[in-house]
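Commentary on secondary and tertiary structure
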Amino acid sequence: FIDEARSGVARLRDTDGVNLVMLPEERYEVLTELGRWTQRYLAVDRALRTPTAKRRPADFGDLTWLRVFDEDDLAEFRREFDEALHISVAEQALAPLRQTVQAWRTTAASLDASDSR
């Protein structure tokens with residue numbers, strides 16, 4: 001059972017019909033984090049379908065820093081986020097997604113700082 005789990009996933013079927021799954025913790029963490037990023041993507045998607053005049057920073061969920069971008073930049077962010085999310089899911093790796101979001105967050109911080117002056 002443990003050898004199966006180490007190599008990917010192991011299923012334990014109890015006599016009462018309950019199925020349990022064991023997998024490496026790293027894989028569990030990646031799956032959990034991908035779930036969180038998928039929720040963030042859906043929040044961004046919903047926000048971008050809201051008319052600009054009615055959109056609030058909170059509509060972006062915990063990506064409120066997106067509020068500094070104009071509509072063209074937000075559309076580009078959405079395209080890049082979508083692509084990075086797909087790659088991360090396919091490769092079961094968080095790096096593509098984290099790198100994309102970090103680059104945009106850095107740009108947002110720069111824009112926000114220049115607007116504050």
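Note that the structure is a prediction, hence the values are computed from the model and not measured.

Regarding its fold elements, the protein presents 4 helices and 2 strands. Taking 2.2 N^0.38 as the reference for a compact globule, 117 residues should give roughly 13 Å; the C-alpha atoms of the protein span a radius of gyration of 19 Å, well beyond that estimate. The dimensions of the protein, computed from C-alpha atoms along their principal axes, are 65 × 25 × 20 Å. Counting the 117 residues in the protein, one finds 29% classified as buried. Counting every atom, the protein has about 8000 Å² of accessible surface; 50% of that belongs to carbon and sulfur.

Okay, the confidence of the model for the protein next. Mean pLDDT over the protein: 92, with 98% of residues reaching 70 or higher. Of all the helices and strands in the protein, helix α1 (residues 2–6) carries the lowest mean pLDDT, 81, while helix α3 (residues 71–91) carries the highest, 97.

Phi is positive for glutamine 92, which is not a glycine, with a value near 50 degrees. Counting through the fold element by element, glutamine 92 comes out in the loop between α3 and α4 (95–116).

Sheet topology places strand β1 (residues 10–13) next to strand β2 (residues 19–22); 4 bridges connect them, and they run antiparallel. Paired with arginine 11 across the strands is valine 21, a residue of β2. Counting the residues in the hairpin turn of β1 and β2 gives 5 residues, including glycine 17, whose phi is positive at 95 degrees.

On to a nonpolar patch on the surface. There is a patch of nonpolar side chains on the surface, built from Phe1, Ile2, Leu12, Val18, Leu20 and Met22 and spanning about 520 Å² of accessible area. With respect to the helices and strands, the residue valine 18 is situated in the loop between β1 and β2. A relative accessible area of 39% places valine 18 in the partly exposed class.

Reading the values: rules and limits
- Residues numbered from 1 in each chain as written.
- Predicted model: local features only at pLDDT ≥ 70, side-chain atom pairs only at ≥ 80, totals over all residues.
- Heavy atoms only, no water.
- Helix = DSSP H or I, 4+ residues; strand = E, 2+ residues; numbered from the N terminus.
- Rg over C-alpha atoms; globule rule 2.2 N^0.38 Å.
- Buried < 20%, exposed > 50% of the residue type's maximum accessible area, 1.4 Å probe, protein only.
- Areas by Shrake-Rupley, 256 points an atom, 1.4 Å probe, with all protein chains shown as cover.
- pLDDT = per-residue confidence, 0-100.
- Pairing = 2+ DSSP bridges.
- Patch = residues over 30% accessible without salt bridge, like charges linked within 9 Å, V, L, I, M, F, W, Y side chains within 5 Å.
- Salt bridge = Lys/Arg side-chain N within 4 Å of Asp/Glu carboxyl O.

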